Amino acid sequence: MIFLPQPSSLSYGEGTFTIHYDSRIFLDSESPAELFSAAQLLQQEIETQTGFRPAICRRHQPVGSHLIYLTASPELSREAYTLAVTPENITICGSLESGVLYGVQTLRQMIRQAGAVLPTVLISDKPAMENRGFYHDATRGRVPTLSYLKQLADTLSFYKINQLQLYIEHSYLFDDLTEMWRDDTPLTAEDILELDRYCKGLGIDLVPSLASFGHLYKLLCTKSYAHLCELEGSASAPFSFYDRQAHHTLDITNPESLSLAKHILSEYMQLFSSKYFNLCADETFDLGKGASRALAEEKGTTVIYTEFVTELANYITESGRTPMFWSDVISQEPEAYHLLPKNLICLHWDYASNVSSERLTRLANSGAEHLYVCPGVQGWNQLINKYHEAYENISRMARYGHERHAMGLLNTDWGDYGHINHPDFSRIGMIYGAAFSWNADILPEEEINRQISVLEFGDASGKLVSVLDLLCHQDAYPWRTAVMVQEALELHQDKEEAAELLRSCAEGDADAANASIDALCAVLYEKAGTVRPENRPMIYAYLLAADGLKVLNRLLPFLRASLLSEGTLPEKEDCFALAGDLERWLHSYKELWRTVSKESELYRIAHVFCWYADLLRDLNA
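Given the structure is predicted, the values throughout are model-derived calculations rather than measurements.

In this section: the overall build of the protein. When helices and strands are tallied, the protein shows 20 helices and 15 strands. Here the C-alpha atoms of the protein give a radius of gyration of 26 Å, agreeing with the 25 Å that 2.2 N^0.38 yields for 621 residues. Projected onto its principal axes, the C-alpha positions of the protein cover 80 × 60 × 45 Å. Sorting the 621 residues of the protein into buried and exposed places 59% on the buried side. Of the contacts formed within the protein by residues at least 6 apart in sequence, a portion of 77% connects residues at least 24 apart. Put simply, the protein shows about 23,600 Å² of open surface, and 49% of that area lies on carbon and sulfur atoms. Taken as two groups, the 51 positive and 84 negative side-chain charges of the protein have centres that lie 4 Å from each other.

Here you go:
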């Protein structure tokens, strides 16, 4: 029997318990109303896995056998629970704060594997880390649909994750910022309010997260607010996947900037029940290089950064929330940490697969009393997440967090370069974070991959995740490089820049990579009919992404011949054939995108593929 996360204490007994068609789920008559939601989750799981639906009852003294009894105890610590499966009955006793829910989620994992006949077991469980979060980018390409966000919350709760943050820059429909979102498909107040309610029922705190200092590309490109950009002229520059992240920082010397930041913070925070607010304030790359240059020369860039963050943090505190911010700027000069408010929660991110604890230690020693560790699922910039790199990064950061007694772990899922990867591809990395934050014992990579294959996907062989990890590394012409080459040629008219980027793919063997993809896809096709039915659409998404890797890989010899003069330029028929394949793949990709995401910035990804298709047709014109 597989449990993710692993329980603190587990022992098996003799015999089995059978869930009968007339079994009932009993709630203690004195238990809080929230238990009914947990009982419904269990009821639905039993029906899905067995075909019969036990009734939910509420009575002080349940009678009979083959019962499932849910009760809450104020004596248990936060989120703790016990689960006892005996040959006669099942009893879940949990804390008032999500303990019963987590006991139910553990029982659901058992039912998902064993059906109606369960092994007898005694589990006593509680989390090693108080806050276990997932951070989902809802700005840089994809704006998820509400239905998808609810599905995401279902998965997070199943693996005992208790915080969710959505990264927002311009993709919320602010009342009086129509110029910012007019060409987008933003989330609405009703979306957020409904998601907040839904998450709360699953033991998840939906924490607001809003760019309020740097990364304000669309806001600072409007005619109304372009004058508040640190760098003059940024608003008139053509769109670039790179530039949209590298610039567009507020001019803090203009009093309007603070007023604007407070305005958007105030409007957004009112939608959430959470006591936290992430003001972001990361990657303010341009600070001190434009409008604030003189001030930075007088005080220092770090000082003026901390002064503005302090203003924002104090405003959030005065509004009754606890502020959070990203650590990257202050970690460059951690000795200045004392300039920030004491209650500010520091979100320390580092995404290197071989990440050390040095920066975290320096922050902690410099006064960062409230710390989260923030690894990443390694999905940005590419069609399929890099799972080995995600495991290495997440497992190390989780271990450092436990050693430092961090407040929590916030596992990040960014959408750089258009968020081209399907969001469900981050599920494997998300489970790594869930498992390693709940339980301080870090499972070996091969073992947790086997467990995820079996529990999440229903793959009896336990090898599916390992196959996906091989597949994701077959990108001879990575998406990020493809975008940078396109921008070098289209935006900069710089063939040498494009050529240099192509040389970075010198080791990329497109034919060998595509042969490996074909072999791995053959395995996926075998799995398509055997994995859990609800996850079969994910197999299709992986197969489609694999074809995306192949068509991008096939571009390499064409580009090398035209830009590097390596090899013979392909025949016109071959150029036109590949152009058509790019467009056919794009059509299928668009259809899949729209199943989970609003239209958002799909057109930007389409532009890159169409640009390459046009380039191919021009090569032998």
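The next thing to look at is the pairing of strand E15 (residues 408-413). Most of E15 sits out of view: six of its six residues are buried. Residues Gly408, Leu410 and Thr412 line one face of E15 and the alternating positions Leu409, Asn411 and Asp413 line the opposite face, and both faces are buried. Bridge analysis of strand E8 (residues 131-137) against E15 gives six bridges, and the strand direction is parallel. Bridge pairing in E15 places Tyr135 opposite Thr412. Taken together, the two bridges between strand E14 (residues 371-374) and E15 define a ladder with parallel strand orientation.

Our next topic: the pattern of salt bridges. Tallied over the full model, the rule gives 31 salt bridges. Residues Asp183 and Lys218 are paired through a salt bridge, measuring 2.5 Å at the closest nitrogen-oxygen approach. Note that Asp183 is positioned in the loop between helix H4 (178-181) and helix H5 (189-200) and Lys218 in the loop between strand E10 (205-210) and helix H6 (243-246), a separation of 35 residues in sequence. Among the ionic pairs, Asp581 bridges to Arg584, the shortest N-O distance being 3.0 Å. Taken together, the residues Asp581 and Arg584, both in helix H19 (residues 572-596) and three residues apart, mark about one turn of the helix. Each of Arg78, Glu79, Glu130 and Arg132 takes part in one network of salt bridges that share partners.

This part covers the sheet that holds strand E2 (residues 24-27). The pairing of strands in a sheet comes from backbone hydrogen bonds and takes either a parallel or an antiparallel form. Pairing is mixed in the open sheet, where seven strands are placed in the order E1-E7-E5-E6-E4-E2-E3. Of all the strands in the sheet, the pair left with one neighbour each is strand E1 (9-18) and strand E3 (55-58). Here the strands of the sheet are splayed against their neighbours by 20 degrees on average, with no regard to which way each runs. Note that strand E4 (residues 67-72) and strand E6 (residues 90-94) share five bridges and pair parallel. Each residue of the ladder has a partner; that of Leu70, found in E6, is Ile92.

By the criterion of burial, E10 is predominantly enclosed, with five of the six residues buried. Pairing between strand E9 (residues 163-168) and E10: six bridges, direction parallel. Within the sheet, the bridge partner assigned to Gln163 lies in E10 and is Asp205.

Let's shift gears to the UniProt feature "active site" (unreviewed entry) in the protein. Here the UniProt-annotated "active site" (unreviewed entry) positions come out as Glu283. Mapped onto the secondary structure, Glu283 falls in the loop between strand E11 (276-278) and helix H8 (293-299). Excluding residues within four positions of it along the chain, Glu283 makes contact with His215, Thr249, Asp328, Val329 and Trp349. Among the polar contacts listed, one links the side chain of Glu283 to the side chain of His215, at a separation of 2.7 Å.

Turning next to helix H2 (residues 99-114). It helps to recall that an α-helix has 3.6 residues per turn; residues three or four apart then point in one direction. With 16 residues, H2 extends 23 Å from end C-alpha to end C-alpha; this agrees with the ideal 22 Å at 1.5 Å per step. With respect to burial, H2 is a largely interior element, 14 of its 16 residues being buried. Two residues or fewer past H2, Gly115 is found with a positive phi of approximately 75 degrees.

Once that is clear, we can look at helix H12 (residues 427-438). Its twelve residues place the ends of H12 16 Å apart at the C-alpha level, agreeing with the 16 Å of an ideal helix rising 1.5 Å per residue. For H12, the tally of buried residues reaches twelve of twelve residues, placing the bulk of the element in the interior. The set of residues buried in H12 consists of Arg427, Ile428, Gly429, Met430, Ile431, Tyr432, Gly433, Ala434, Ala435, Phe436, Ser437 and Trp438.

Tracing the backbone through its elements, the reader meets Ser234 in the loop between E10 and H6. By relative accessible area, which is 12% here, Ser234 ends up buried. In terms of polar contacts, Ser234 uses its side chain to reach the backbone carbonyl oxygen of Leu231, at 3.1 Å. Setting aside residues up to four positions removed in sequence, Ser234 forms contacts with Cys221, Cys229 and His248.

The next thing to look at is the nonpolar core. Membership of the largest hydrophobic core comes to 181 residues, with the highest contact counts inside it found for Leu4, Tyr268, Phe325, Ile384, Tyr432, Tyr477 and Tyr612. Looking at this core element by element, the count peaks at 15 residues for helix H18 (residues 536-563). Among the nonpolar cores identified, the runner-up in size contains 30 residues, and Leu35, Ala38, Val104 and Ile123 belong to it.

Scoring rules and cut-offs
Residues numbered from 1 in each chain as written. Predicted model: local features only at pLDDT ≥ 70, side-chain atom pairs only at ≥ 80, totals over all residues. Heavy atoms only, no water. Helix = DSSP H or I, 4+ residues; strand = E, 2+ residues; numbered from the N terminus. Rg over C-alpha atoms; globule rule 2.2 N^0.38 Å. Buried < 20%, exposed > 50% of the residue type's maximum accessible area, 1.4 Å probe, protein only. Contact = heavy atoms within 4.5 Å. Areas by Shrake-Rupley, 256 points an atom, 1.4 Å probe, with all protein chains shown as cover. Lys, Arg positive; Asp, Glu negative; His and termini not counted. Charge placed at Lys NZ, Arg CZ, Asp CG, Glu CD. Pairing = 2+ DSSP bridges. Salt bridge = Lys/Arg side-chain N within 4 Å of Asp/Glu carboxyl O. Axes fitted to C-alpha atoms, helices over the stretch in contact; angles between N-to-C directions. UniProt positions renumbered as here; feature names shortened; annotations may be inferred. Polar contact = N/O pair within 3.5 Å; in protein donor to acceptor, adjacent residues only side chain to side chain. Expected span 1.5 Å × (residues − 1). Core = buried A, V, L, I, M, F, W, Y, C linked by side-chain atoms within 4.5 Å.

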